[in-house]
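# Inside the fold
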Amino acid sequence: MGVILLDEIFGKVEDISLVEKALTHPSYTKELNLDDLLNYERLEFFGDSVLKLFTSKLLYNTYPEYAEGELSKIRSILVSDNILSKIAFEIGIDKRIKLGPAEEKQGGSKRESNLACAVEALLGAYYLNGKTIEIENFIAKYLMPFAKDIDEHFEKYNAKDLLQQYTQSINKTLPVYRTIAVHGPAHKPEFEVAVEWDDKILAKAFGKSKKEAQQNCAYEACKILNVIK
């Protein structure tokens, strides 16, 4: 995907150094022997709360008839690495994030957790720059469209937990996920994963990341086991 200018989303800021920090992975400062305060960890800590605050507000207003438990279930998926990394790819964070050479070689620019943390750090950076309206608009545009699908197909997003609850209820054991193969080029891999339980392969599935493949695999297994109708 292309790169969307951050100025187009959030507008220009007074302290651009915060945005630069938000796009700097800890491996960059570690491998180049720089001060740890120059990477995104502090901003990610703060941005996590910013993300939850504005997401909670939008969910509260979007679903006025939902109780706290229902809102919490949707939010837990909305702010997950899986969803945040999709947004990161959409706006081109994978092409902007600064990584250490070793992390870059290991495909760090495509790693869900790295991208999700960068998105949270960016929200922290822009909040500190006074961009509250822009942050709310960003979350409404990029995050909230996932809410409807999550609300209507929660089992699909929560399949790993559902499968684990099922297997533990039967014989107190956990399903095991194994990566069978990685297909495609290094910059755009597709993971093939199998889930095993009780000495049997329940299902196989693909995904753009190991986590996504595991979730898809669990969903297929839940359907086979009639955990999900």
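Residues numbered from 1 in each chain as written. Predicted model: local features only at pLDDT ≥ 70, side-chain atom pairs only at ≥ 80, totals over all residues. Heavy atoms only, no water.

Turning next to the nonpolar core. If you look at the biggest cluster of nonpolar residues, it comprises 49 residues, and the most contacted ones within it are Leu-6, Ile-93, Phe-138 and Ile-139. Broken down by element, this core gets its largest block of residues, ten residues, from helix α8 (residues 112-128). With residues near it in sequence (within four places) discarded, Phe-138 still touches Ile-9, Phe-10, Ile-87, Ile-91, Leu-123 and Leu-143. In this structure, Ala-159, Phe-191, Ala-203 and Ala-205 belong to the second largest nonpolar core, which totals 15 residues. (Core = buried A, V, L, I, M, F, W, Y, C linked by side-chain atoms within 4.5 Å. Buried < 20%, exposed > 50% of the residue type's maximum accessible area, 1.4 Å probe, protein only. Helix = DSSP H or I, 4+ residues; strand = E, 2+ residues; numbered from the N terminus. Contact = heavy atoms within 4.5 Å.)

For the pair α8 and helix α9 (residues 132-143), interaxial distance at closest approach is 8 Å and the crossing angle is 150°. The orientation of α8 with respect to α9, classified from their angle, is roughly antiparallel. Along its contact with α8, which presents Leu-123, Tyr-126 and Tyr-127, the element α9 presents Thr-132, Ile-135, Phe-138 and Ile-139. The class makeup of the residues in the contact of α8 with α9 is six nonpolar, one polar and no charged. (Axes fitted to C-alpha atoms, helices over the stretch in contact; angles between N-to-C directions. Parallel < 35°, antiparallel > 145°, perpendicular 65-115°, else oblique. Nonpolar A, V, L, I, M, F, W, Y, C, P; charged D, E, K, R; others polar.)

For the rest of this paragraph, the subject is the pairing of strand β2 (residues 190-197). Burial analysis of β2 places six of its eight residues in the buried class, which makes it a mostly covered element. Joining the antiparallel neighbours strand β1 (residues 176-183) and β2 is a turn of six residues, in which Gly-184 adopts a positive phi near 85°. The sheet contact formed by β2 and strand β3 (residues 200-207) spans seven bridges and is antiparallel. Paired with Trp-197 across the strands is Lys-200, a residue of β3. Here β2 folds back onto β3, and the loop between the two strands holds two residues, one of which, Asp-198, carries a positive phi near 55°. (Pairing = 2+ DSSP bridges.)

To continue, consider the sheet that holds β3. Working definition: the strands of a sheet are paired by backbone hydrogen bonds and lie parallel or antiparallel to each other. Taking strand neighbours across the sheet as the criterion, the three strands line up as β1-β2-β3 in an open arrangement whose pairing is antiparallel. Whereas interior strands pair on both sides, the edge strands pair on one side only; in this sheet they are β1 and β3. Looking at each pair of strands side by side, their axes are set apart by 20° on average, direction ignored. Relative to β2, β1 runs antiparallel, the two sharing seven bridges. Within the sheet, the bridge partner assigned to Thr-179 lies in β2 and is Val-193.

Once that is clear, we can look at the pattern of salt bridges. Where charged atoms from two side chains of opposite charge come close, those side chains can pair. One pass over the structure, following the stated rule, counts twelve salt bridges. Of the charged contacts, one joins Glu-136 and Lys-57 as a salt bridge, the two residues approaching to 3.1 Å between their closest N and O atoms. Note that Glu-136 is positioned in helix α9 and Lys-57 in helix α4 (residues 41-62), a separation of 79 residues in sequence. According to the relative accessible area criterion, Lys-57 is partly exposed, its value standing at 41%. Salt-bridge contacts for Asp-149 lead to Lys-156; the nearest nitrogen and oxygen are separated by 3.1 Å. Taking relative accessible area as the criterion, Asp-149 reaches 24% and is therefore assigned partly exposed. Each of Asp-94, Lys-95 and Lys-110 takes part in salt bridges that share partners, so that together they form one network. (Salt bridge = Lys/Arg side-chain N within 4 Å of Asp/Glu carboxyl O.)

Checked against the element boundaries, Gln-214 lands in helix α13 (residues 210-224). For Gln-214, a relative accessible area of 17% corresponds to the buried category. In this structure, Gln-214 is in contact with Lys-160, Tyr-177 and Val-193, ignoring residues within four places of it in sequence.

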